[in-house]
Amino acid sequence: GGSGTVRVNSGNVVLTSRGTLITNQDFLGEVDITGKFRFDGAADRFMVWTRTTGSSTNPWSDQDNGIYFRFQQNVSQVGIAEWFVGGLSNPAGAYLNNSQIYHSDLAVASASLPGGVWLDFRVRDTGSQVELYLGNLSVPMISATTSLGAGYKVSFNNGYNPDQVVSIDSLTIVPEPS
């Protein structure tokens, strides 16, 4: 749900107001995602999701499930988290926002995320290890382990305010080599 838009402008994918781009293809094994993004509006967040079904029935227009990698400009932070809407038991160290939402930060770090500047990123999910890279694409900025997952799609979205805009360029998704 939500009123987000996804459009192409000068060869870039532009996400506005919780614009969401979801793969048609399932990624059953390791997935390695690289690209560049740029914050082009008000303080925003850019999120890359793995292990998602692609469904979105919640009031925030986020994916209902999956592992998300966030680049959150308004708090100068990157993070990796598990997110599930609808009943999931509460593992140790997790918290419930309410009885229907499970959210657990797996790793968080401070990061400089200036607006109007292309930022190189990489997200890697091996099925057990998850890694987020910013700038230096050979050394992860943060990483964690997790076995949770609901689906096999990859998704991208941004913040939900009308003045929040993220542009994406040079996006590559590589499944596990066979």
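Please refer to the structure higher up on the page.
Everything in this summary refers to the structure shown in the same document. (Residues numbered from 1 in each chain as written. Predicted model: local features only at pLDDT ≥ 70, side-chain atom pairs only at ≥ 80, totals over all residues. Heavy atoms only, no water.)

### A few points about the pairing of strand 10 (residues 119-125)
Note the following rule: The rule is simple: take the accessible area with a 1.4 Å probe, protein chains only, and divide by the maximum for that residue type; under 20% is buried, over 50% is exposed, in between is partly exposed. A run of H or I in DSSP becomes a helix once it reaches four residues, and a run of E becomes a strand once it reaches two; helices and strands are each numbered from the N terminus. Think of it this way: DSSP has to see at least two bridges between two strands before they count as a pair.
Burial runs high along strand 10: six of the seven residues are buried. Bridge count for strand 4 (residues 31-39) against strand 10 is seven bridges, and the pairing is antiparallel. Each residue of the ladder has a partner; that of F37, found in strand 10, is L119. Of the strand pairs in this sheet, strand 10 and strand 11 (residues 129-134) are connected by five bridges, and their pairing is antiparallel. Looking across to strand 11, one finds that F121 is bridged to L134. Connecting the antiparallel pair strand 10 and strand 11 is a turn made up of three residues, with G127 showing a positive phi of about 105 degrees.

### Looking at the environment of R51
For clarity, the cut-off: Counted as a polar contact is a pair of N or O atoms within 3.5 Å, where, for protein atoms, one must be capable of donating a hydrogen and the other of accepting one, and residues adjacent in sequence contribute only when both atoms are in side chains.
Looking at the secondary structure, you find R51 in strand 5 (residues 45-52). Note: C-alpha distance between R51 and L148 (97 residues apart in sequence) is 8.2 Å. A distance of 3.3 Å separates the side chain of R51 from the backbone oxygen of G127, its partner in a polar contact.

### Considering unusual backbone geometry
Located in the positive-phi region is R18, a residue other than glycine, with phi close to 70 degrees. Residue placement: R18 occurs in the loop between strand 2 (12-16) and strand 3 (20-22). Positioned with a positive phi, S170 is a non-glycine residue whose angle comes to about 55 degrees. Relative to the helices and strands, S170 resides in strand 14 (residues 165-175).

### Notes on the pattern of salt bridges
Quick reminder of the rule: Within this document, salt bridges are pairs made up of a side-chain nitrogen of Lys or Arg and a carboxyl oxygen of Asp or Glu, the two lying within 4 Å of each other.
Taken as a whole, this structure holds eight salt bridges when the rule is applied. In this structure, R124 engages E30 in a salt bridge whose closest nitrogen and oxygen atoms are separated by 3.1 Å. You can see R124 sitting in strand 10 and its partner E30 sitting in the loop between strand 3 and strand 4, a full 94 residues away along the chain. Among the salt bridges present, the one from K36 reaches D120, with a minimum N-O distance of 3.3 Å.

### Digging into the sheet that holds strand 10
Adjacent strands of a sheet form backbone hydrogen bonds with each other and so pair up, either parallel or antiparallel. This is how the line gets drawn: A fitted line through C-alpha atoms represents every axis, and for helices the fit uses only the stretch in contact; the resulting angles, taken between N-to-C directions, go from 0 to 180 degrees.
What the seven strands build is an open sheet, ordered 1-2-14-4-10-11-12; its pairing is antiparallel. Two strands close off the open sheet at either side, each with one partner strand: strand 1 (5-9) and strand 12 (142-145). Each adjacent strand pair in this sheet contributes to an overall mean axis angle of 25 degrees, direction not counted. In this sheet, strand 2 lies alongside strand 1 in antiparallel orientation, the contact comprising five bridges. Its bridge partner lying in strand 2, T5 is registered against T16.

### Concerning the environment of V14
Cut-off, in case you're wondering: A contact between two residues is defined here by any heavy atoms of the two lying within 4.5 Å.
Tracing the backbone shows V14 in strand 2. Counting along the chain gives 153 residues from V14 to S167, while the straight-line C-alpha distance between them is 4.4 Å. Excluding its chain neighbours within four sequence positions, the residues that come into contact with V14 are T5, V6, R7, N9, V165, V166 and S167.

### Thoughts on the side chain of R51
Classification of R51 by relative accessible area gives buried; the value is 11%. Polar contacts involving the side chain of R51 include one to the main-chain carbonyl oxygen of T146, which spans 3.3 Å. At 2.6 Å, the side chain of R51 and the backbone oxygen of L148 are in polar contact.

Don't take any of this as a statement about function, it's just geometry.
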